[in-house]
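# Overview (structure and organization)
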Amino acid sequence: MRTPVPGGFAFPLGAALAVALTFLVAGARHEPVVFVVAMVAVVDLMAVLSTAWATLATAALCWCLHSGFVLGRLGELTFTAQSGHDALVIGGCAFAGVLLVSTLRAATAPLHDCEYDRNVPELPKQRVPQVLTPVR
């Protein structure tokens, strides 16, 4: 698999995607399931593209945007049964995505990275002095 995007670049990318989807889908306040599905898509995309920590941070931000702008008003976080359920859904998808992607990355990695790299210098073979060799 491809090398993941470093977390310092991936979290702002996930945050920008989550905010853009908030602007696009937040008009559907009567159907918060649509917004949760959109946020799960962002979290799973970050799981594929980046590191585990960036994915989990993006999941936390997605829940805050969902709780503040879809379930709440003007960014005020709401702590209700619905927001708790949605936090479990977004967090569970984040953990499942991280687990799946890390398993796939480990399965596709070569067993020994240095074994296939021709740029890694090799130690020269040591010469044995003639004096120390046994006589037959």
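Nothing here was measured: the structure is a model prediction, and the numbers come from that model.

Helix and strand counts for the protein chain stand at 4 helices and 0 strands. Going from N to C terminus, the protein chain has its helices and strands arranged as α-α-α-α. Among the 136 residues that make up the protein chain, the fraction classed as buried is 29%. The long-range share in the protein chain, meaning contacts at least 24 apart out of those at least 6 apart in sequence, stands at 64%.

Here we come to unusual backbone geometry. Backbone geometry at Leu74 places phi at a positive 55°, although glycine is not the residue there. Looking at the secondary structure, you find Leu74 in the loop between helix 3 (52-71) and helix 4 (81-108). Overall, the relative accessible area of 83% leaves Leu74 in the exposed class.

Quick look at the nonpolar core now. Counting 15 residues, the largest nonpolar core has Ala18, Phe35, Met39, Val43, Ala59, Cys62 and Ile90 as its most contacted members. Mapped by element, the contributors of at least two residues to this core are helix 1 (7-25), helix 2 (32-49), helix 3 and helix 4. Per-element accounting of this core gives the leading share, 6 residues, to helix 2. The residues contacting Ala59, other than those within four sequence positions of it, are Val43, Ile90 and Ala94.

Residue placement: Leu49 occurs in helix 2. Between the C-alpha atoms of Leu49 and Val5, which are 44 residues apart in sequence, the distance is 5.9 Å. Those residues in contact with Leu49 that sit more than four places away from it in its chain are Pro4, Val5, Leu13 and Arg105.

Across its 18 residues, helix 2 extends 26 Å between first and last C-alpha, which sits within 8% of the 26 Å expected from 1.5 Å per residue. Restricting attention to buried positions, one finds in helix 2 the residues Pro32, Phe35, Val36, Ala38, Met39, Val40, Val42, Val43, Met46 and Ala47.

Reading the values: the criteria
- Residues numbered from 1 in each chain as written.
- Predicted model: local features only at pLDDT ≥ 70, side-chain atom pairs only at ≥ 80, totals over all residues.
- Heavy atoms only, no water.
- Helix = DSSP H or I, 4+ residues; strand = E, 2+ residues; numbered from the N terminus.
- Buried < 20%, exposed > 50% of the residue type's maximum accessible area, 1.4 Å probe, protein only.
- Contact = heavy atoms within 4.5 Å.
- Core = buried A, V, L, I, M, F, W, Y, C linked by side-chain atoms within 4.5 Å.
- Expected span 1.5 Å × (residues − 1).

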